[in-house]
Amino acid sequence: MADADDGLSMELDAMYPAAQPIAPPTGWHGRRLLTFGASEVPALLIALGMEQPDDSTPGYVLELAERLIDIKAGLRKARKAGAAADRGSAAETQVVQAWNAHDRGDWPAIVHASSVPREWLPLIDRHQPRLSCTPDAWCYIGGELVNVQIKTDVRGDKTQPTREWVWQVNAECAVTGAAGALLLYAPGWASWRREDKRRCVAWVVERDDAMIDRIRDAAARGWQLVERQKNG
């Protein structure tokens, strides 16, 4: 009987092997793995049950919410961004150039964060070191620092900031100490067709300190789960 039990145990071990740590990434990706980045905050809030998804929640946020804790624990790899996301990221400097070159009315010119050494990033929140961000850009309005988040898409159908964008920019305000955020929306700039790109729209997102407190609490609670996964 002992031999039969040992055999069964070995079969179960083969069927359900213990999760093994994967080789951690290096550079910016490795440093960010030590924190929850601002763009990951929507997925973190949903993963912890602090916010509920709805019909407008992007699929990539839901997918990340299922994997985020394991990713930070080093047990799963983050999935690569899609082609549209890559095109949007590559277009950021062009978005800034277009914004600064056109008639902006009373809106300020902005500075793209590519002028910041990559080795300094991501920035770490002074109050919650498990929260970080890599800013897109910044500007000053009325003498106060304002975080700038650049958003692109393919369809260009947004008429106001999404709640996920609001959560993200408040996380960025927490880390940067910014007085507020300017959401610079570039409709169609993630499309591969030049004719889809339309003029940028700017929205002000007020700093919400109550939301920031919840985001910092989420980072602390989320990291407790990360440590539990690492140890167990």
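Here is a short report on the structure shown in this document. (Residues numbered from 1 in each chain as written. Predicted model: local features only at pLDDT ≥ 70, side-chain atom pairs only at ≥ 80, totals over all residues. Heavy atoms only, no water.)

Among the structural elements, Tyr140 can be located in strand β5 (residues 137-141). C-alpha of Tyr140 to C-alpha of Ala179: the two residues are 39 residues apart in sequence and 9.5 Å apart in space. Those residues in contact with Tyr140 that sit more than four places away from it in its chain are Pro108 and Leu145. (Helix = DSSP H or I, 4+ residues; strand = E, 2+ residues; numbered from the N terminus. Contact = heavy atoms within 4.5 Å.)

It is worth spelling out the packing of aromatic side chains at this point. Within this structure, the stated rule accounts for 4 aromatic pairs. Consider the rings of Trp165 and Tyr185, whose centres lie 5.8 Å apart with planes at 50 degrees: the pair is tilted. With Trp165 in helix α7 (residues 163-176) and Tyr185 in strand β7 (residues 180-186), this pair connects stretches of sequence that are 20 residues apart. Exposure class is identical for Trp165 and Tyr185. Each is buried. Clustering of aromatic rings is evident, with ring pairs tying together Trp165, Tyr185 and Trp203. (Phe/Tyr/Trp six-rings, centres within 6.5 Å; stacked < 30°, edge-to-face > 60°. Buried < 20%, exposed > 50% of the residue type's maximum accessible area, 1.4 Å probe, protein only.)

One pass over the full model with this rule turns up 13 salt bridges. For the salt bridge of Asp157 with Arg155, the shortest nitrogen-to-oxygen distance reads 3.5 Å. Through salt bridges that share partners, Asp153, Arg155, Asp157 and Lys158 make up one connected network. (Salt bridge = Lys/Arg side-chain N within 4 Å of Asp/Glu carboxyl O.)

On to the side chain of Asp70, then. If you trace the backbone, Asp70 turns up in helix α4 (residues 59-72). Of note is the side chain of Asp70, whose polar atom sits 2.4 Å from the side chain of Gln229. The contact partners of Asp70, leaving out residues within four places of it in the chain, are Leu75, Arg76 and Gln229. (Polar contact = N/O pair within 3.5 Å; in protein donor to acceptor, adjacent residues only side chain to side chain.)

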